[in-house]
Amino acid sequence: MTIVQVSVPALKAIKNSVIGNRTAKAALGRDEALVERIIECLNEPPPTPDGSDASNTSIRIEAAHIVASLSYGSSDALRSLLQLNAPRVLLYAISTLQPSAQPSLKAAFARTLRALSAAVADAVGPSQWGLPPTVSDVRAEAKVALEYLFQPEILDVYIPLLLDPSPAVSTAIAQLLSVAVRNSEHRARVHEWCPPAERTREAKGKRGWERRDTTTSPSRHGGWITRTLSSLLHRKDVKLQEAVLSALANLVRDSDSQARRLARAPPGTESVLSTALTLAKSRNTDLQLAASYCVTSILRACVQSHHDPHVSHNDQATAITIMHVLNRIIESEDTTYQTKTKACFILYSLVSDNRVFCQLAFERNSLAKVANLINSITPAEKSPESEEDEPESVCRLREAALTAVAAIALFDTDIRTAVTDELRLVPAIQASLSNRYVGVRYAACQCARALSRAVSALRTNIVDTGLGLAVFQLFLKTDEDRQVMHAASAVICNVVTNFSPLRTTLLEQGVIQRLVQLLRSDDIELKLNALWAYKNLLYKANPELKREVMSAIGCSEMSNLLQESDTRLQEQVLHILRHVADGVDGVELLFAEMGDSEVLLDSLAKCMESENEDVVLQAVFVLANVANSVAHQASILSHPKILGRLRDCLVDAKVEIRRPAVSCVLELARQNPRSFRELHEAGIDATLRHMLEHTSHVASSPTLRFAAGRQMGAEDDMEVQEKARQALHWLEQAQLARESVVSEMDL
């Protein structure tokens, strides 16, 4: 396809042939010589017959259009662009543009940079809207290019174009910021950027040579970029407003300080949050979506976690406003599937991991709207032919809607009951588990996970409809997508509990062996879910099941997992050992399966030194269970480190750790009168006395219990107090008996 002479008609013909045609893009991408000539035209177009600047400009514009078109739709074409340094060439062309350059040329370059940046960011990930269908085979090259785009000196080239008088140019750069910034590091670089002239002024002190502290500069920490985007928001250009709102939404994510800056405004002015709320009620649907996205990002950055139950009335009112906007878009018959898809994902972002917002979404009928949408696009009877012919836009919409349902139903049993009984979504969820599109399968698993958290659903709908077994069949696939397997294994964690009717069936069909396969994978999250499932499986399990699980995992694997650097894995392994050692027979089983008792106690001692309190807690629980077995108390008492760690837990740890620690001491003192010497040498009896000092007035005063109790060394928890008193009594009795024996011998 290589052409001899580059001209405007020739370039237009190429452009028309590749726009919307993936096959043509791939073919052109393989013609490296031609692609290289097109890229060269961005800076140095060949001489034209008339030699005019207008012809040269037209060639540069057409070349830019072709590069923009090649960015999307074909990995071969994108690879050719990256191998031929198209981003660098384009940025050089932008940097050399003169103020007198034609607006059409600047706009073409800005749009091409936006398209190329978006394509590179999509190849690297993470995806902004759901899961990508596949992992890009140009990810390595794209990662290098994306990092280059966010170097400080490169930001100097294109961010100033936000101030360009042409709306088309500033819109394209705002769109770039809305789609290309995908990680916190790049987000921080954009926030910290300010024009070179301002950086120069800030670098000089009052006398010209003193350097100021730039960390306190108003231009840093998002000052310039926030001010500039906020000012652009007030221009009466809908496309520009939409781009600016999307850029702000992307840049403010996970940044509490930036979100609060946008939520507030100086007296007499309107905040970005207020402006976005107003624009969310406009007649333009795309503008409504962008405004809703912006409000959602600001709101969720300020209200980050479900662990904080206090959501202000103003924040709740803001969330309700956005929910009403999204509800109208989702239920409208006039909006496209793509628009509804974004609306569902924005709803997901709004409610995700926040109990209050999930409840509001349920009460304001957002869940019902999304459920009706799912049922309307999911056929009651699925055939391979119909699924093969289903447009990708329908699959993406189903993924988005199921994702929103999973988020809303995560916390509350009444909401889960509505999903299963009133909205009757289980058939659609089950059908989606076998969908060809990976995002749909992932979202369906997330829905099943949310539903399986309810005991009532686990005992009825999940069993009766076959949803639980359908997830298990997906879980058994060894060639399934990793993220789908993450979600499916999370469901298995819930359905192997001791109150699940599916537990026996899954054991018969090989769940233990499949979990072993996940445990030996190189994926930390899959390992974690496998351990979590084993933990749930072993809760109050019979000895035969405990023995089967321990044999399947293996002694060496258990020991290796206890040495893992990831404390989440350590915590779950210790929890498994805790369940195995639940009872004297379980302790015997644990030592029989683990082999050398010294190795196990060494591991427990090391885990009790961990900086992670959850690891320490589970290690102390295991030790407390082992102490219930008289046969193994001597091993604990003779270990060189265990008792010292136990004393540290009594002195410094939180009450959740002190309770099993003092229980362990009590069992050692009560069942083994000979334990006095070892416990005394470890200082545990003195520690118990100190814990019980002043307990009468500390226990009676809530203020002292909180402010003074632990600082004084006195115990403030009634359960710990009582067990410490009992343990000290047994130790004192042992001491008296010991002294009596010595006295008789002296006589």
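Our structure is the block above this text.
Procedures and definitions
- Residues numbered from 1 in each chain as written.
- Predicted model: local features only at pLDDT ≥ 70, side-chain atom pairs only at ≥ 80, totals over all residues.
- Heavy atoms only, no water.
- Helix = DSSP H or I, 4+ residues; strand = E, 2+ residues; numbered from the N terminus.
- Buried < 20%, exposed > 50% of the residue type's maximum accessible area, 1.4 Å probe, protein only.
- Contact = heavy atoms within 4.5 Å.
- Areas by Shrake-Rupley, 256 points an atom, 1.4 Å probe, with all protein chains shown as cover.
- Polar contact = N/O pair within 3.5 Å; in protein donor to acceptor, adjacent residues only side chain to side chain.
- Phe/Tyr/Trp six-rings, centres within 6.5 Å; stacked < 30°, edge-to-face > 60°.
- Lys NZ or Arg CZ within 6 Å of the ring centre and 35° of its normal.
- Axes fitted to C-alpha atoms, helices over the stretch in contact; angles between N-to-C directions.
- Parallel < 35°, antiparallel > 145°, perpendicular 65-115°, else oblique.
- Left-handed = near helix turned anticlockwise from the far one by under 90°.
- Nonpolar A, V, L, I, M, F, W, Y, C, P; charged D, E, K, R; others polar.
- Core = buried A, V, L, I, M, F, W, Y, C linked by side-chain atoms within 4.5 Å.

### A word on the overall build of the chain
Along its length, the chain carries 48 helices and 0 strands. For the chain, the proportion of its 747 residues judged to be buried stands at 54%. For the chain, long-range pairs separated by at least 24 residues make up 72% of all intrachain contacts whose partners lie at least 6 apart in sequence. For the chain, the exposed area adds up to about 33,600 Å²; of that, 50% sits on carbon and sulfur atoms.

### Remarks on helix H11 (residues 184–192)
Burial in H11 covers these residues: His186, Arg187, Arg189, Val190 and His191. Turning to H11, the residues buried within the fold contact helix H8 (139–149), helix H9 (152–158), helix H10 (167–180), helix H13 (223–232), helix H14 (238–251) and helix H15 (256–263). Two or three places before Glu185, at the opening of H11, Asn183 has a side-chain oxygen 3.1 Å from that residue's backbone nitrogen.

### What to know about the environment of Gln483
Mapped onto the elements, Gln483 comes out in helix H30 (residues 482–495). When the C-alpha positions of Gln483 and Leu131 are compared, they lie 8.9 Å apart, and in sequence the two are 352 residues distant.

### Notes on the packing of aromatic side chains
Throughout the structure, instances matching the rule amount to 4 aromatic pairs. A centroid spacing of 5.3 Å and a plane angle of 55° characterise the contact between Trp129 and Tyr293, whose relative ring orientation is tilted. On the criterion of sequence distance, the pair formed by Trp129 in the loop between helix H7 (103–124) and H8 and Tyr293 in helix H17 (residues 285–302) is long-range, its members being 164 residues apart. When the ring of Trp193 is compared with that of Trp224, the centres are 5.0 Å apart and the planes differ by 75°; the resulting orientation is edge-to-face. Here the residue Trp193 occupies a position in the loop between H11 and helix H12 (196–203), and Trp224 occupies one in helix H13, the gap between them amounting to 31 residues. Like Trp224, Trp193 is buried. Among the aromatic residues, those joined into a cluster by ring pairs are Trp129, Tyr293 and Phe345. Over the face of the ring belonging to Phe475 we find Arg514, whose NZ or CZ atom lies 5.6 Å from the ring centre. Directly above the aromatic system of Trp532 lies the positively charged group of Lys535, at a separation of 3.8 Å from the ring centroid.

### Re the side chain of Lys106
Mapped onto the fold, Lys106 is located in helix H7. Setting aside chain neighbours within four positions, we find Lys106 in contact with Leu97, Ala101, Asp164 and Val169.

### A closer look at the packing of helix H5 (residues 75–83) against H7
The geometry of H5 relative to H7 is characterised by a closest axis approach of 12 Å and an angle of 110° between their N-to-C directions. When the axes of H5 and H7 are compared, the pair comes out roughly perpendicular. The chirality of how H5 crosses H7 is left-handed. Where H5 approaches H7, its residues Leu78, Leu81 and Leu82 are matched on the opposing element by Leu116, Ala119, Val120 and Ala123. Considering only residue class, the contact of H5 with H7 consists of 7 nonpolar, no polar and no charged.

### Observations concerning the nonpolar core
In this structure, Tyr158, Leu162, Val351, Tyr534 and Leu688 are the most contacted members of the largest nonpolar core, which totals 258 residues. Looking at this core, the element that brings in the most residues is H7, giving 12 residues. Those residues in contact with Leu162 that lie beyond four places of it in its chain are Ser170, Ile173, Ala174, Leu177, Trp224, Ile225, Thr228, Leu229 and Leu232.

### Overview of unusual backbone geometry
Geometrically, the link from Gly125 to Pro126 is a cis peptide bond, its omega value of -5° lying close to zero. Looking at where Pro126 falls in the secondary structure, it is placed in the loop between H7 and H8. Even without glycine at this site, Asp353 takes up a positive phi of about 60°. The residue Asp353 is located in the loop between helix H19 (337–351) and helix H20 (355–363) in this model. A relative accessible area of 39% places Asp353 in the partly exposed class. Here the phi dihedral of Lys540 falls at roughly 55°; this positive angle occurs in a residue that is not glycine. Position of Lys540 among the secondary structure elements: in the loop between helix H33 (524–538) and helix H34 (543–553). A relative accessible area of 58% places Lys540 in the exposed class.

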